[in-house]
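So you can see what is in the structure, the chains are spelled out below.
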Amino acid sequence: MATTLLKLATVLFGTGGIAIGGWAYATQWHPATETYPLQGVDLGENPAPVEWGTVRARGVDFAYIVATSGKDRRDPAFEANWAALPEAGLRRGAVHIYSLCQPAVEQANAFNTFVPAAADALPVAVDVQFRDDCVARPEKAALVADLTRFVTMVETHTGKPVLLRIGKSVEGSYALSAALPRPVWAMANLLKPDYAARPWRMWRASNFRRVEGIEGPVNWDVVAG
């Protein structure tokens, strides 16, 4: 009996060690820099303080940070991070979280009022996903028309084409990547995404990467080509 228990403990310990080692590897994994030389991070809403100098030293080239959500939410950390990124040697990009429940024109006005047009900024990313705080599901023609208004207003403000960060479920319902001719930012952990109608320009390759200088898991992104 004692021998059987010892063998079982050895197996369980070994399996656990493999699992822990595999997870540790996964939190440090990123696509090969030989294939994707430009790699960076994107933060969610209300992030914890970030040590951007440390992040840059760990090989991060750029960072996208949330500026606004819908027509009435401004991220309180945006302005400080926006100023700190170029000082740390990082390219910076702003994200707008698009709401299917609020008017596109008001959302664009909110973004344009809050985010300055900066020559060094990366193209704005508009994030379109289904969210728990909005149950609206507009008709495709209406959504495409509204997003076109939003995109036109933001591009007029920044002078650059926006990136469309489209969730897989939204793309499946609306085929936005085919309807709006803009660069696509697709998302899929570890495996390259193939759900958009056009080749992606940006790929969120992991949402559980760990990077020194950032508290907790962070989204890790690569640029195509």
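Whatever comes next refers back to the structure up there.
For every chain, the first residue of the written sequence is number 1, and numbering continues from 1 along that sequence. A pLDDT threshold of at least 70 governs which residues receive local features in this predicted model, and a stricter bar of 80 or more applies before side-chain atom pairs are shown or counted, although totals over entire chains, interfaces and linings include all residues. Just so you know, side-chain values use all the structure's heavy atoms and leave hydrogens and water out.

Draft legend 1. Representation of the pattern of salt bridges. In what follows, salt bridge is the name for a side-chain nitrogen of Lys or Arg lying within 4 Å of a carboxyl oxygen of Asp or Glu. Enumeration according to the criterion identifies twelve salt bridges in this entry. For Glu-45, the salt bridge is made with Arg-73, and the minimal N-O distance between the two is 3.2 Å. Taken together, the positions of Glu-45 in the loop between strand 1 (39–42) and helix 2 (52–57) and Arg-73 in strand 3 (residues 73–74) put the pair 28 residues apart, joining distant regions of the chain. The cut-offs for exposure are 20% and 50% of the maximum accessible area for each residue type, with area from a 1.4 Å probe on protein chains only; residues under the lower value are buried, those over the upper are exposed, and the others partly exposed. Residue classification places Glu-45 among the partly exposed residues on the basis of a relative accessible area of 35%. The partner of Arg-56 in a salt bridge is Asp-61, with the nearest N and O atoms 4.0 Å apart. Residue class for Asp-61 comes out partly exposed when judged on its relative accessible area of 21%. Strands here mean DSSP runs of E at least two residues long; helices mean DSSP runs of H or I at least four residues long; both are numbered from the N terminus.

Draft legend 2. Quick look at empty space enclosed by the protein. Throughout, the protein atoms alone are placed on a 1 Å grid, and a set of points is a cavity if a 1.4 Å probe fits but cannot get out or a pocket if it is open with protein on both sides within 12 Å along at least five of seven lines; lining residues have an atom within 4 Å of a point. Grid points are joined across faces, edges and corners, and a volume is the space filled by probe spheres set on the points. Tallying each qualifying case throughout the model produces one cavity of 30 Å³ or more. Looking at the largest cavity, its volume works out to about 70 Å³. As for the largest cavity, its lining consists of Trp-82, Ala-94, Val-115, Pro-116, Ala-117, Ala-118, Ala-121, Leu-122, Pro-123, Val-124, Thr-158 and Lys-160. Taken together, the residues of the lining of the largest cavity break down into ten nonpolar, one polar and one charged. Under the scheme applied, nonpolar residues are Ala, Val, Leu, Ile, Met, Phe, Trp, Tyr, Cys and Pro; charged residues are Asp, Glu, Lys and Arg; polar residues are all the others, including Gly.

Draft legend 3. Representation of the packing of helix 4 (residues 104–114) against helix 5 (residues 140–158) within the structure. Look at helix 4 against helix 5: their axes get within 8 Å of each other, and the N-to-C directions meet at 20 degrees. Here helix 5 runs roughly parallel to helix 4, going by the angle between their axes. For the element pair helix 4 and helix 5, the recorded crossing hand is right-handed. Together, Ala-104, Val-105, Gln-107, Ala-108, Asn-109, Phe-111 and Asn-112 of helix 4 and Asp-146, Arg-149, Phe-150, Met-153, Val-154 and His-157 of helix 5 make up the contact between the two elements. Here the contact of helix 4 with helix 5 is built from residues that sort into seven nonpolar, four polar and two charged. Fitting a line to C-alpha atoms yields each axis, with helices limited to the stretch in contact; the angle taken between N-to-C directions then spans 0 to 180 degrees. Throughout, the term roughly parallel applies to angles under 35 degrees, roughly antiparallel to angles over 145, roughly perpendicular to angles from 65 to 115, and oblique to all others. Should the near helix be turned anticlockwise from the far one by less than a right angle, the crossing is termed left-handed; should it be turned clockwise, right-handed. Residue contacts follow a heavy-atom distance rule, with two residues in contact if any of their heavy atoms lie within 4.5 Å.

Draft legend 4. Summary view of the state of the cysteines. A pair of cysteine sulfur atoms is labelled a disulfide when the two atoms are within 2.5 Å. What the rule picks out here adds up to one disulfide. Here Cys-101 pairs with Cys-134 through a disulfide, and the sulfurs are 2.0 Å apart. One disulfide, between Cys-101 and Cys-134, carries an S-S torsion of 100 degrees and so falls in the right-handed class. With a gap of 33 residues between them, Cys-101 in the loop between strand 4 (91–97) and helix 4 and Cys-134 in the loop between strand 5 (125–128) and helix 5 connect regions that are remote in the sequence. Given the relative accessible area of 42%, Cys-101 is considered partly exposed. Residue class for Cys-134 comes out buried when judged on its relative accessible area of 6%.

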